[in-house]
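Single-letter residue listing:
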Amino acid sequence: QVQLVESGGGSVQAGGSLRLSCTASGYTYSSNSMAWFRQAPGKEREGVAAIYTDGGSTHYADSVKGRFTISQDNAKNTVYLQMNSLKPEDTAMYYCAARRGSWFSPLSKYEYNYWGQGTQVTVSS
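Our subject in this report is the structure included herewith. (Residues numbered from 1 in each chain as written. Predicted model: local features only at pLDDT ≥ 70, side-chain atom pairs only at ≥ 80, totals over all residues. Heavy atoms only, no water.)

Examining the pairing of strand β7 (residues 68–73)
Along a regular strand, successive side chains alternate from one face of the sheet to the other. Counted only if it meets this: Whether two strands pair comes down to DSSP finding at least two bridges between them. The numbering of helices and of strands both runs from the N terminus, where a helix is a DSSP run of H or I of at least 4 residues and a strand a run of E of at least 2.
As paired elements, β7 and strand β8 (residues 78–83) share six bridges and run antiparallel to each other. Paired with I70 across the bridge in β8 is L81. The turn joining β7 and β8, which pair antiparallel and follow one another in sequence, is formed by four residues; a positive phi near 55° is taken by N77.

Here's the deal with the sheet that holds β8
For the record, the criterion: Here the axes come from fitting lines to C-alpha atoms, over the contacting stretch only for helices, and the angles between their N-to-C directions go from 0 to 180 degrees.
The strand order across the open sheet built from four strands is β1-β3-β8-β7, with neighbouring strands paired in antiparallel fashion. In the strand order of this sheet, the two ends are held by β1 (3–7) and β7, each with one partner. Geometrically, the sheet is characterised by an average inter-axis angle of 15° between neighbouring strands, direction not taken into account. Pairing geometry for strand β3 (residues 18–25) and β8, over six bridges, is antiparallel. Bridge assignment links T23 to a residue of β8, and that residue is T78.

What to know about the nonpolar core
Note the cut-off: To form a nonpolar core, buried Ala, Val, Leu, Ile, Met, Phe, Trp, Tyr and Cys residues must be joined to one another through side-chain atoms within 4.5 Å. Burial classification: accessible surface area is computed with a 1.4 Å probe over protein chains only, and a residue below 20% of its type maximum counts as buried, one above 50% as exposed, and the rest as partly exposed.
Grouped together as the largest cluster of nonpolar side chains are 29 residues, with contacts concentrated most on M34, W36, L81, M83 and Y94. Elements with a minimum of two residues in this core: β3, β4 (32–39), β5 (46–52), β7, β8, β9 (92–100) and β11 (119–124). Core analysis: the next-biggest nonpolar cluster, separate from the first, contains seven residues, A35, Y52, A97 and W103 among them.

Describing the state of the cysteines
The criterion, for reference: Here, the term disulfide refers to a pair of cysteine sulfur atoms separated by no more than 2.5 Å.
Under the counting rule described, the total for this entry stands at one disulfide. The partner cysteine of C22 in its disulfide is C96, sulfur to sulfur 2.0 Å. Note on the C22 and C96 pair: the S-S dihedral is about -80°, so by sign convention the disulfide is left-handed. On the criterion of sequence distance, the pair formed by C22 in strand β3 and C96 in strand β9 is long-range, its members being 74 residues apart. In this pair, the class of C22 matches that of C96, namely buried.

A short note on the pattern of salt bridges
For clarity, the threshold we go by: In the sections that follow, a salt bridge refers to a side-chain nitrogen of Lys or Arg positioned within 4 Å of a carboxyl oxygen of Asp or Glu.
This structure, assessed with the given rule, holds six salt bridges. Notably, a salt bridge pairs D90 with R38, separated by 2.9 Å at the nearest N-O pair. Of this pair, D90 sits in the loop between β8 and β9 while R38 sits in strand β4; the two residues are 52 residues apart in sequence, bridging distant segments of the chain. Judged on exposure class, the residue D90 and its partner R38 are both buried. K65 is paired through a salt bridge with D62; the nearest N and O atoms lie 3.2 Å apart. By the burial criterion, K65 is exposed, and D62 matches it.

Just geometry here; none of it tells us what the structure is for.
What follows is the structure, given as structure tokens:
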């Protein structure tokens, strides 16, 4: 049974920082793809950042480039999302996702078949 567990969500003021963590279990971490998605009320789930665990290549949504950084710790089977300069529009439920192998479209929700339960991020102005 594959499990992805997110942590690190919370409330922060605009301009602040937050770091999300996603730890995978029951899953071969290497040579796979992991990503962060977010979904605000009434909106479609959108890709934020993705990383290929075997090599560390990354992809970012334009809206977060320069502010968010995805990274990994292979020994801990963990992916992080460092979020800096947070804006109110970053408010959403953030989900960790994974798939075997690499992707056609790293930030497409349809590329992933394993999902975490989500962690809420709220940014106040």
